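# Remarks on the overall topology
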Amino acid sequence: MPSQQSEPPDDRLARLRGPQPPQPYTARKITALTANPACARRAVLDAAGVDKALLAQQVGYEPRFGQSPFALAREQAFHGLVKWGGYAELIRLLREQLSVPVAEAHVTDLNEVGGNTALHVRERETRRLIAHVASGQDVRLILDRPVLTLEVAGQTAYLEPDAITHRIEGKFHVVLIRSFAAIDGQANPTAVAEAAKQAAVYVLALRRAFDTAGLPTEQISHEFLLVCPKDFSNRPYGRLIDLRQELDALQFQLTRLRRAEDLAAQLPETATLDTTRSTDELSASIEALDASYTPSCLSFCEMARYCRDEADGCASPARLGNGVRNDLPGIDSTRTALDYLDGVAAPGEAETEAADLLRAAARLRRLRRGAA
Amino acid sequence: MSVLSTVAALTASRTGRAEPLTTVRHQHLDEKPFVLVPLTLAGEACAPLAALVGTDPERPTLLTVRQPRNRAERFRFAERLAALLLAYIDGCRTETEPYTVGRGREKEERLRFQRAPQLLVPNGEGIAYVRLLGRLTRLRATEGPYAVDSSVPTLGKWLTWFAELAEFPNSGVLLAMTRLLAAHWATGQSPSEDSHLASLLAWIDPPEGSDGARAAREAEDPAVWPPAGPSTDPVFDRTLHELMTRYDDASDDRGREAVGRQIDRELSGQMLPTWRLMWRGVELLRDLPEGAHVPDRWALDRRWFSEYAEYLDADGRPQARRDQAVRAARRLARLEDAVTRYEAERAYDDPLVMAEYELTGEAFTGTVTARDEDRFVPGDRPGSQVWRPTITLRTSTDTRVGLAVGTEVKSPARPGQAARILEVRQEDDGGHTVVLQLKGGFANKRKPPAPAGTLAETGEELTYTTLNPTAMPSALPDEENTPWTHGGPPQPYEPTDEDAEETWE
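Only a predicted model underlies this, so the values are computations on that prediction, with no experimental measurement involved. (Residues numbered from 1 in each chain as written. Chains lettered and ligands numbered in written order. Predicted model: local features only at pLDDT ≥ 70, side-chain atom pairs only at ≥ 80, totals over all residues.)

This next bit is on the overall build of chain A. The secondary structure content of chain A amounts to 15 helices and ten strands. With the principal axes as the frame, chain A shows a C-alpha extent of 75 × 65 × 40 Å. Expressed as a percentage of its 372 residues, the buried residues of chain A come to 40%. Considering only intrachain contacts with a sequence separation of at least 6, the fraction spanning at least 24 residues in chain A is 63%. (Helix = DSSP H or I, 4+ residues; strand = E, 2+ residues; numbered from the N terminus. Buried ≥ 20, exposed ≤ 12 C-beta atoms within 10 Å, placed from the backbone. Contact = placed C-beta atoms within 7 Å.)

Quick look at the sheet that holds strand β9 (residues 220–229) of chain A now. Residues and elements named next belong to chain A. Strand order across the open sheet formed by six strands is β1-β2-β5-β6-β9-β10, with mixed pairing between neighbours. Of all the strands in the sheet, just β1 (106–109) and β10 (236–242) have a single pairing partner and so form its edges. Where strand β6 (residues 172–177) and β9 come together, five bridges link them in parallel fashion. Bridge pairing in β9 places valine 174 opposite phenylalanine 224. Across the sheet, helix α6 (residues 69–98) lies against β1, β2 (141–144), β5 (163–164), β6, β9 and β10, angled at about 55° from β10, the strand it touches most. (Pairing = 2+ DSSP bridges. Axes fitted to C-alpha atoms, helices over the stretch in contact; angles between N-to-C directions.)

The subject of this paragraph is α6 of chain A. All names here are of chain A. Across its 30 residues, α6 extends only 35 Å between first and last C-alpha, which sits more than 12% below the 44 Å expected from 1.5 Å per residue. Turning to α6, its buried residues number three or more, namely Phe70, Ala71, Arg74, Phe78, Val82, Lys83, Tyr87, Leu90, Leu93 and Leu94. Serine 99 sits one or two positions beyond α6 and adopts a positive phi of about 35°. (Expected span 1.5 Å × (residues − 1).)

Here we come to the interface of chain B and chain A. Taken together, the contact between chain B and chain A spans 45 residues of the former and 41 residues of the latter. Of all the secondary-structure elements, those providing two or more residues to the side of chain B that touches chain A are α1 (3–15), α3 (124–138), α6 (191–194), α9 (234–249) and α13 (351–360) of chain B. The class makeup of the residues in the side of chain B that touches chain A is 22 nonpolar, eleven polar and twelve charged. (Nonpolar A, V, L, I, M, F, W, Y, C, P; charged D, E, K, R; others polar.)

Domains assigned within chain B are domain 1 (3–319) and domain 2 (364–465). Here the C-alpha centroids of domain 1 of chain B and domain 2 of chain B sit 47 Å apart. (Domains from an automatic or database assignment.)

Residues and elements named next belong to chain B. It is the contact of α9 with helix α10 (residues 253–286), at a shortest axis distance of 9 Å, that shows an interaxial angle of 160°. Judged on the interaxial angle alone, α10 and α9 are roughly antiparallel. Of the two elements, α9 crosses α10, and the hand of that crossing is left-handed. Where α9 approaches α10, its residues Phe236, Thr239, Leu240, Leu243, Met244, Arg246 and Tyr247 are matched on the opposing element by Arg256, Val259, Gly260, Gln262, Ile263, Glu266 and Gln270. Looking at the contact of α9 with α10, its residues break down into seven nonpolar, four polar and three charged. (Parallel < 35°, antiparallel > 145°, perpendicular 65-115°, else oblique. Left-handed = near helix turned anticlockwise from the far one by under 90°.)

See below:
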């Protein structure tokens, strides 16, 4: 239909979402998207700014993500501590970690600009300040909660790193403040990896900001400063973490992401992701978007339990984990695999090797279980 | 994850019931294990909130911290846990038995306790909790401005000992129930879902009238089955937060005590379901017969326990914050050795585990079709003859034999007898004929006839494998003899004032 093709793509996503205000793209969403880039469902939901928790609830899956008031309080207290006294603790850590005589620095609070908290206003101000700091050699200014932008799957994401330092030894550093503890210099590796992935998103966005301003991106460090509590105390501890690997991975994944608009354009005209609509309408639209469920989705995606039931329904091997999936190459359903085992179906040529191995394993299982 | 466990998972996903992965239990389960179900405060590195502990399934002891941000209360929790755990450990230090170490001139007789402590926690995070709580408490000073009760650092040293041994697959002093169950059963869900104790047990032992798949999903609801800890359910945290605020704001002691009791009740309610699941898991595991090597491994645990108890009495300095290089290298070597040995022992004890090696071609099973009892071959000395009988095995039609001529193999049926593959021939029907030369294992006889039972009979079915549980471990010099190139003998860690003062907030 020609009328749809002429429609700006943004509108299509906005119409899918309905009258609800869009949920912003966050660094966390981008890392989740790159963790499972084949998932068209999540790509469209995020690009359209749909409230996934609410959507999951509407289709009968009470979301189980939530933050404990204790964790929230601890996080806020720790952030407050690092930023207290004009970022005194952060400046101390920079001094220790980068071994440079940073005696003092100014801090600009970018949580608001003249009372305005709108993202685009903060983003403009951030760009102005970056240009200012980058042009003068001696400007010592730490940006507190700046706003950067990044194109993701055809959408503009607004990102808010905790801080960006001024040029130290010729490099700008992204700072992340996290409240998981580093015990004897070692923090939970999963938490650190997640922080590093998010930091990579910020560094990439920062490079883009430099590019747009015509500034050399070599000034941006490929390391970021992770600040977290030391041992069992509340005292901030910092460590520079190399991001080159994460940056490469992220850039690669971002190029692989299918443009959300193209995915949305394939949906039927009646499709809707408006959370005020009926369960049936929503389910039909969600089903029209291909998901790529793996058990790891359960740890980060609000829709995961919906997708898991769907994967159960079509007996997808991936739902049983990577081990099973890898043992069933080319076999797209566990039911098919069981049919091969029972001998009620014959495997195709490409599946013969895997099916033979499965049958040999099943035979051994039968024999050796009896032997005991 | 092997293809055999994939087949088991596929079957489970069809039947809705977990499938056994083993025919025996590969871990020691003590008559009186010490079960620990911990909870911690969200957002903190290690802030104990509560625990259900004990050795009696009917009577768990409830430990709670009504105000987890209070340092004194935290140490009081550590003291109460110490009182229970240390008493349990002491209870294991009664009767001893002799054993020998070394060979030849270095042979030495030592004593080990007949019992050792066994700590059971719900999941892998529970092991991490034991390690963190150990780290937090073992370096504390018992005198000076930040003094704690003397039981606190002792608790820390023992907890660290448990946590360090938990990394060794052949040790059973600290075990996570989810890992233990998942090693013995395959479910029709993913390994990450198996780390949820309630849903894992739902697959293995579904409630009457339900199937495992459905029960497992129901078990995921935190309102019905609270998380097995140490992390709490965020929704429950809201209730707890409210109660703790009321506890702090209470105008008098009586009011505070009333809220305190309510906190205790709520926390207990969060842990009791897990406590029951733990003991259900123990029961299910006890129903499995014990693997043949399990008592040997437990004897090793008892030896380690005896040695550490002795060390604590004699020296008693705590484990360092971080391992020194020499210790770390030694530990890594021991760990690698333990893994190989454990894998081999498991396969020897359990035909279903051996089947994994048969599938990959590292083992094969066949029937003895012929034997040459009177065979002699030239020995190393010129003109000498040594007795080396052979047996011929015939494998079934579709068995793979992935081993080459010259390979040294052994059979779990006669682990003391070395065998060497002389010939492998594929037959027309697809099966293989394998000729094996045997050496030793004839009750010290050097010439025929072979004593009864030492030489396989015709018609006997045997499995041969390259796995060898008695392979000698790699040898490193004694710690005291660490060469100067490697920094010389490592010095034990001395806790500093900083350790004693370390904040716990």
